[in-house]
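As a plain string of letters, each chain reads:
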Amino acid sequence: MKFIGIDPDLHLNGMATLENGRYTELRVISFPDLCALMSSNINNPNILFVIEDVNKHKPTFPRGKHTQAVYNNISQKVGMVKGIGTKIVEMLEYYHCNYELVAPLKSGKLKAEYFERLTGWVGRSNQDNRDAAMLIYRYKNAK
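Values in this document were obtained by computation on a predicted structure and should not be read as measured data.

Undergrad: Can you lay out the pairing of strand E1 (residues 2-7) for me, pointing to particular residues and giving the numbers?
TA: Across the 6 residues of E1, 5 count as buried, placing the element largely inside the fold. What sits between the antiparallel neighbours E1 and strand E2 (residues 12-19) is a turn of 4 residues. Relative to strand E4 (residues 47-52), E1 runs parallel, the two being bridged by 5 bridges. Residue pairing in the sheet places Phe 3 in a bridge with Leu 48 of E4.

Undergrad: Please provide a residue-by-residue account of the side chain of Thr 119, values included.
TA: Topologically, Thr 119 is positioned in helix H3 (residues 112-119). A polar atom in the side chain of Thr 119 sits 3.2 Å from the backbone nitrogen of Trp 121. Setting aside its immediate chain neighbours within four residues, Thr 119 contacts Tyr 23, Met 134, Tyr 137 and Lys 140.

Undergrad: Describe unusual backbone geometry, naming the residues involved and giving the relevant values.
TA: Its identity as a non-glycine residue notwithstanding, Asn 20 has a phi of 50 degrees, on the positive side. Note on Asn 20: relative accessible area 73%, which makes it exposed. A positive phi angle, near 55 degrees, is found at His 96, a position not held by glycine.

Undergrad: Please set out the sheet that holds strand E5 (residues 98-102) residue by residue, giving values where relevant.
TA: Spatial strand order, E3-E2-E1-E4-E5: 5 strands in an open sheet with mixed pairing. The two strands at the open ends of the sheet, each matched to only one other strand, are strand E3 (22-30) and E5. Adjacent strand axes in the sheet meet at a mean angle of 20 degrees when their direction is disregarded. Running over the sheet, helix H1 (residues 31-39) touches E1, E2, E3 and E4 and is turned about 130 degrees from E3.

Undergrad: So what's going on with the side chain of Asn 41? Which residues, and what values?
TA: By the element assignment, Asn 41 lies in the loop between H1 and E4. A distance of 2.9 Å separates the side chain of Asn 41 from the backbone oxygen of Leu 37, its partner in a polar contact. Those residues within four positions of Asn 41 in sequence are excluded, and the remaining contacts are Ile 47 and Cys 97.

Undergrad: Talk me through the packing of H3 against helix H4 (residues 127-135); I want residue IDs and the actual numbers.
TA: The geometry of H3 relative to H4 is characterised by a closest axis approach of 11 Å and an angle of 30 degrees between their N-to-C directions. Accordingly, the angle class assigned to the pair H3 and H4 is roughly parallel. For the crossing formed where H3 meets H4, the hand is left-handed. Packed against H3, whose contacting residues are Ala 112, Phe 115, Leu 118 and Thr 119, the element H4 presents Arg 130, Ala 133 and Met 134 at the interface. Grouping the amino acids of the contact of H3 with H4 by side-chain chemistry returns 5 nonpolar, 1 polar and 1 charged.

Rules behind the numbers
Residues numbered from 1 in each chain as written. Predicted model: local features only at pLDDT ≥ 70, side-chain atom pairs only at ≥ 80, totals over all residues. Heavy atoms only, no water. Buried < 20%, exposed > 50% of the residue type's maximum accessible area, 1.4 Å probe, protein only. Helix = DSSP H or I, 4+ residues; strand = E, 2+ residues; numbered from the N terminus. Pairing = 2+ DSSP bridges. Polar contact = N/O pair within 3.5 Å; in protein donor to acceptor, adjacent residues only side chain to side chain. Contact = heavy atoms within 4.5 Å. Axes fitted to C-alpha atoms, helices over the stretch in contact; angles between N-to-C directions. Parallel < 35°, antiparallel > 145°, perpendicular 65-115°, else oblique. Left-handed = near helix turned anticlockwise from the far one by under 90°. Nonpolar A, V, L, I, M, F, W, Y, C, P; charged D, E, K, R; others polar.

Here it is as structure tokens:
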């Protein structure tokens, strides 16, 4: 079984691949390239796409720390990510790919050093593809 974690973003999505209990790829991927990946795996029962369910993000409300303009900017960016996440799910359904939605991680952002110790990944990574990798971490021991 192959697991592909996707952390949606408007321009470049974080992506991680887990096969036979080890991470084989961490990278960023554009929406068109992600659609090509999905289309090349139509009805493939051996692949599970695991997508962060960005529609679970809560709205931003002013808490006195920033101006309303700052919160408006954050809300707009969150809305764009929700839009692309919705389109990713739409494409997965269109191509009949197996997928599951996972609530956004609450563990916070992982530093590269800790991520490497936790997962065994050796190589470059950024926050987006580390987040994608953590979406599929629970499958690390799956066959």
